[in-house]
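Residue-level listing of the chains:
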Amino acid sequence: QSLDLRAVGWFYGKGKHARRAGGIVVEYRGVTTQVGTGFSDAERGTIARQGTRGLIAEIEFMELTSDGKLREPRFKGWRYDKTEPDV
């Protein structure tokens, strides 16, 4: 499955991704999920420098968990053609 979701934040990485973004935080139906895979090293650096304010990300995932989080989310890319997330 895939959804276009608003990025509401990001978090620092660990290990080889120290000083870069470890991933982003997206929101779907009022529930936030951390997404930490699918990013290039360059994207991680850009996120850490510029943030994610107002960006829409395409996120692929297996299913929704019982508490509404995305199971096994993976970043597919930014949707610059959209200003609103899927609902």
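This write-up is about the structure you can find in this document. (Residues numbered from 1 in each chain as written. Predicted model: local features only at pLDDT ≥ 70, side-chain atom pairs only at ≥ 80, totals over all residues. Heavy atoms only, no water.)

Some details on the environment of Lys-76
Logical step 1: Inspection of the secondary structure puts Lys-76 in strand β7 (residues 74-78).
Logical step 2: Considered as a pair, Lys-76 and Phe-39 are 37 residues apart in the sequence and their alpha carbons are 8.0 Å apart.
Logical step 3: Dropping the residues within four chain positions of it, Lys-76 is found in contact with Glu-58 and Glu-60. (Helix = DSSP H or I, 4+ residues; strand = E, 2+ residues; numbered from the N terminus. Contact = heavy atoms within 4.5 Å.)

A short note on the sheet that holds strand β1 (residues 2-12)
Logical step 1: Here 5 strands make up an open sheet; going across it, the order is β3-β2-β1-β4-β7 and the pairing antiparallel. The two strands at the open ends of the sheet, each matched to only one other strand, are β3 (31-35) and β7. Sheet twist, expressed as the average angle between the axes of neighbouring strands with direction ignored, equals 45 degrees.
Logical step 2: Contacting β1, β2 (21-28) and β7, helix α1 (residues 41-50) runs over the sheet at an angle of about 70 degrees to β2. (Pairing = 2+ DSSP bridges. Axes fitted to C-alpha atoms, helices over the stretch in contact; angles between N-to-C directions.)

Quick notes on the environment of Arg-20
Logical step 1: One can find Arg-20 in the loop between β1 and β2.
Logical step 2: Judged by its relative accessible area of 19%, Arg-20 is buried.
Logical step 3: In this structure the C-alpha to C-alpha distance between Arg-20 and Thr-46, which are 26 residues apart in sequence, comes to 8.2 Å.
Logical step 4: Not counting residues up to four positions away in its chain, the partners in contact with Arg-20 are Phe-11, Tyr-12, Gly-13, Asp-41, Arg-44, Gly-45 and Ala-48.
Logical step 5: For Arg-20, the side chain forms a polar contact with the main-chain oxygen of Lys-16, separated by 2.6 Å. (Buried < 20%, exposed > 50% of the residue type's maximum accessible area, 1.4 Å probe, protein only. Polar contact = N/O pair within 3.5 Å; in protein donor to acceptor, adjacent residues only side chain to side chain.)

Section: unusual backbone geometry
Logical step 1: Notably, Arg-19 is not glycine yet its phi reads approximately 75 degrees, a positive angle.
Logical step 2: Looking at where Arg-19 falls in the secondary structure, it is placed in the loop between β1 and β2.
Logical step 3: Residue Arg-19 is classed as exposed on the basis of its relative accessible area, which comes to 79%.
Logical step 4: Backbone geometry at Glu-72 places phi at a positive 55 degrees, although glycine is not the residue there.
Logical step 5: Topologically, Glu-72 is positioned in the loop between β6 (70-71) and β7.
Logical step 6: On the accessibility criterion, Glu-72 (56% relative accessible area) is exposed.

Things to note about the nonpolar core
Logical step 1: In terms of nonpolar packing, the biggest core is built from 16 residues, with Ile-24, Ile-59 and Phe-75 touching the most fellow members.
Logical step 2: Broken down by secondary-structure element, the contributors of at least two residues to this core are β1, β2, β4 (56-60) and β7.
Logical step 3: In terms of residue count, β2 provides more of this core than any other element does, 4 residues in total. (Core = buried A, V, L, I, M, F, W, Y, C linked by side-chain atoms within 4.5 Å.)

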